Amino acid sequence: IVAVAVLTLGFYLRTRVSPSEAFEAEFFGEVLPGTPYLLRPFVPLYLAITTNFHALSGLIEAFPATNAYGGGAYNAIGLDIVFPGAKDISTVSAEITPPWITSTIAGSLWADGGFPVLIGGVALTGIISVGVFTLALRTRSLGWCLVAGYLLYVTLFGLYTNLWTQHVDWLMVSPLLLVVGWMCDPRKAEAGP
């Protein structure tokens, strides 16, 4: 109950910062006035779940009906320096389902090739995350545990946005966590010189 109260308060404080933005204007002008007072604390939870799937539904309807599949362009945005034809799926979502522009991991994968790419991409992210978790269980190494925890976060955050291909920080953060974990591993310190 305390966590829900804190998150609700944080949501309302954050959205009050810029009430003239599209999301905030619709939220405070249309959504909140029609919501019973006792249900208002649950509105942030409802929004956190439904807006992502609303945006995904819009992308599924738009690809390939009105937009052509990207063929990898929507998942190349994290490496747009290397892939000059990369496209940002958020700009497409902003046109299809404004102001609900959140694009889940499924959104960018779907926009690149539909169901086969979606299944393959999600499976690959799961294999990577579970593989590193398995290494952490087998080795009990602090480094692998840090990387496994981080990649679990990246995987779960896919319900909000695609950190695997839209923001490829994990390519640098994971090896750094592995090295730092290896250097700080308590078992290494116990073994001595």
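Thresholds applied
Residues numbered from 1 in each chain as written. Predicted model: local features only at pLDDT ≥ 70, side-chain atom pairs only at ≥ 80, totals over all residues. Heavy atoms only, no water. Helix = DSSP H or I, 4+ residues; strand = E, 2+ residues; numbered from the N terminus. Buried < 20%, exposed > 50% of the residue type's maximum accessible area, 1.4 Å probe, protein only. Contact = heavy atoms within 4.5 Å. Areas by Shrake-Rupley, 256 points an atom, 1.4 Å probe, with all protein chains shown as cover. Lys, Arg positive; Asp, Glu negative; His and termini not counted. Charge placed at Lys NZ, Arg CZ, Asp CG, Glu CD. Patch = residues over 30% accessible without salt bridge, like charges linked within 9 Å, V, L, I, M, F, W, Y side chains within 5 Å. Salt bridge = Lys/Arg side-chain N within 4 Å of Asp/Glu carboxyl O. Axes fitted to C-alpha atoms, helices over the stretch in contact; angles between N-to-C directions. Parallel < 35°, antiparallel > 145°, perpendicular 65-115°, else oblique. Left-handed = near helix turned anticlockwise from the far one by under 90°. Nonpolar A, V, L, I, M, F, W, Y, C, P; charged D, E, K, R; others polar. Phe/Tyr/Trp six-rings, centres within 6.5 Å; stacked < 30°, edge-to-face > 60°. 1 Å grid on protein atoms, 1.4 Å probe; cavity = no way out; pocket = protein on both sides within 12 Å on 5 of 7 lines; lining within 4 Å. Points joined across faces, edges and corners; volume = space filled by probe spheres on them. Core = buried A, V, L, I, M, F, W, Y, C linked by side-chain atoms within 4.5 Å.

Student: I keep staring at the overall build of the chain and nothing clicks. Help me out?
Tutor: What the chain contains, in helices and strands, is 9 helices and 0 strands. When the helices and strands of the chain are placed in sequence order, the string is α-α-α-α-α-α-α-α-α. Taking all 193 residues of the chain together, the buried fraction comes to 37%. In the chain, of all internal contacts separated by at least 6 residues, the share reaching a separation of at least 24 is 59%. Of the accessible surface of the chain, which amounts to about 11,800 Å², a share of 72% is contributed by carbon and sulfur atoms. Distance from the positive charge centre (8 side chains) to the negative charge centre (12 side chains) of the chain: 14 Å.

Student: Explain a nonpolar patch on the surface here, please?
Tutor: Together, Val 4, Leu 39, Phe 42, Leu 45, Ile 49, Phe 53 and Leu 159 make up a nonpolar patch on the protein surface, roughly 700 Å² of accessible area in all. The element contributing the most residues to the nonpolar patch is helix 3 (residues 43-62), with 3 residues. By secondary structure assignment, the location of Val 4 is in helix 1 (residues 2-16). On the basis of relative accessibility, which here comes to 43%, the residue Val 4 falls in the partly exposed class.

Student: Help me understand the packing of helix 7 (residues 142-156) against helix 8 (residues 170-184) in this model?
Tutor: Contact geometry for helix 7 and helix 8: axes closest at 6 Å, N-to-C directions at 150°. It follows from the interaxial angle that helix 7 and helix 8 lie roughly antiparallel. Between helix 7 and helix 8 the crossing geometry is right-handed. Within the contact between the two elements, helix 7 uses Leu 142, Gly 143, Trp 144, Leu 146, Val 147, Tyr 150, Leu 151 and Val 154 and helix 8 uses Trp 170, Val 173, Ser 174, Leu 177, Leu 178, Gly 181, Trp 182 and Cys 184. The residue inventory of the contact of helix 7 with helix 8, partitioned by class, reads 13 nonpolar, 3 polar and no charged.

Student: Explain the packing of helix 3 against helix 4 (residues 89-96) to me, please; I cannot follow it from the model alone.
Tutor: To characterise two packed helices, one gives the angle between the axes of the helices and the distance between these axes. Packing of helix 3 against helix 4 leaves a shortest axis separation of 10 Å and a crossing angle of 90°. In terms of axis orientation, helix 3 runs roughly perpendicular to helix 4. Mapping the contact onto sequence places Gly 58, Leu 59 and Ala 62 in helix 3 and Ile 89, Val 92, Ser 93 and Ile 96 in helix 4. When grouped by side-chain class, the residues that make up the contact of helix 3 with helix 4 number 5 nonpolar, 2 polar and no charged.

Student: Got a minute to help me understand the environment of Val 31 in this structure?
Tutor: Along the chain, Val 31 turns up in helix 2 (residues 22-31). Taking C-alpha positions, Val 31 is 9.2 Å from Val 43, a pair spaced 12 residues apart along the chain.

Student: Got a minute to help me understand the packing of aromatic side chains in this structure?
Tutor: Two aromatic rings, taken as a pair, are described by how far apart their centres are and by the angle between their planes. Under the definition given, this model contains 11 aromatic pairs. An angle of 75° between the planes, with centres 5.5 Å apart, marks the rings of Phe 11 and Tyr 12 as edge-to-face. Judged by its relative accessible area of 14%, Phe 11 falls in the buried class. Between Phe 157 and Tyr 160, the ring centres sit 5.3 Å apart and the planes meet at 65°, which makes this aromatic pair edge-to-face. Here Phe 157 falls in the partly exposed class, since its relative accessible area comes to 27%. The structure contains a cluster of three or more aromatic residues connected by ring pairs, namely Phe 11, Tyr 12, Phe 23, Phe 27 and Phe 28.

Student: Explanation requested: the layout of surface pockets in the structure shown.
Tutor: One simple way to see leftover space: roll a probe sized like a water molecule over the atoms. Estimated volume of the largest pocket: approximately 870 Å³. In terms of lining, the largest pocket is formed by 26 residues, of which the most central are Phe 11, Arg 14, Ala 48, Thr 51 and Tyr 160. Sorting the residues of the lining of the largest pocket by element identifies helix 1, helix 2 and helix 3 as the ones contributing at least two each. If you tally residues by element for the lining of the largest pocket, the top one is helix 1, at 7 residues. Class assignment for the residues of the lining of the largest pocket results in 15 nonpolar, 9 polar and 2 charged.

Student: How do you make sense of the nonpolar core when you look at a structure like this?
Tutor: Within soluble globular proteins, side chains that are nonpolar generally end up buried alongside one another. Core analysis: the biggest nonpolar cluster contains 24 residues, and Phe 63, Ile 89, Leu 151 and Trp 170 have the highest contact counts within it. Contributions of two or more residues to this core are made by helix 3, helix 4, helix 5 (105-113), helix 6 (115-139) and helix 7. What Phe 63 contacts, discounting residues up to four positions off in sequence, is Ala 68, Tyr 69, Tyr 74, Ile 89, Val 92, Trp 110 and Ala 111. Phe 11, Tyr 12, Val 43 and Leu 47 belong to the second largest nonpolar core, which has 7 residues in total.

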